[in-house]
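Structural characterization, general
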Amino acid sequence: MNIKVVWQNNKEGFINSMLLDRMIEWERIRMFMRSDGWAMVGISPLRGTGGAYHGPDRRGMYGISDNAAYRIVA
């Protein structure tokens, strides 16, 4: 899927969504389009920049765990 971006030279273009994180890291883009509008690099909150999660393990709340014994019923 392609994402609309504004490069550092203020020209608009499109990149593959899989390259977004790398382009942000390399400081190649100034803004990119989200479903709710433009996200400005360095100003708007970006995915993966929140740090480690310190809340409860929600996966374990639903019966999914490392040591569960599963059996296939046909």
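Described in the following lines is the structure provided in the data block. Only a predicted model underlies this, so the values are computations on that prediction, with no experimental measurement involved.

A separate point is the overall build of the protein chain. Helix and strand counts for the protein chain stand at one helix and four strands. If you list the helices and strands of the protein chain from N to C, you get β-β-α-β-β. By residue count, 18% of the 74 residues in the protein chain fall in the buried class. Considering only contacts within the protein chain whose residues lie at least 6 apart along the sequence, 22% involve residues at least 24 apart.

Our next topic: unusual backbone geometry. Of note, the phi angle at Asn-10 is positive, near 70°, even though the residue is not glycine. Inspection of the secondary structure assignment puts Asn-10 in the loop between strand S1 (2-7) and strand S2 (12-16). A positive phi angle, near 55°, is found at Glu-27, a position not held by glycine. Mapping Glu-27 onto the fold places it in the loop between helix H1 (20-25) and strand S3 (29-34).

This part is about the environment of Ile-24. Positionally, Ile-24 belongs in helix H1. Between the alpha carbons of Ile-24 and Val-41 there is a distance of 7.2 Å; along the sequence they are 17 residues apart. Setting aside residues no more than four positions away along its own chain, Ile-24 makes contact with Ile-29, Phe-32, Val-41 and Leu-46.

In terms of strand pairing, S1 meets S3 through three bridges, oriented antiparallel. Following the sheet pairing, Val-6 is matched in S3 by Met-31. For S3 and strand S4 (residues 37-40), the ladder comprises four bridges, and the chain directions are antiparallel. When the bridges of S4 are listed, Met-33 appears paired with Trp-38. Between S3 and S4, which pair antiparallel one after the other, the connecting turn spans two residues.

The rules we used
- Residues numbered from 1 in each chain as written.
- Predicted model: local features only at pLDDT ≥ 70, side-chain atom pairs only at ≥ 80, totals over all residues.
- Heavy atoms only, no water.
- Helix = DSSP H or I, 4+ residues; strand = E, 2+ residues; numbered from the N terminus.
- Buried < 20%, exposed > 50% of the residue type's maximum accessible area, 1.4 Å probe, protein only.
- Contact = heavy atoms within 4.5 Å.
- Pairing = 2+ DSSP bridges.

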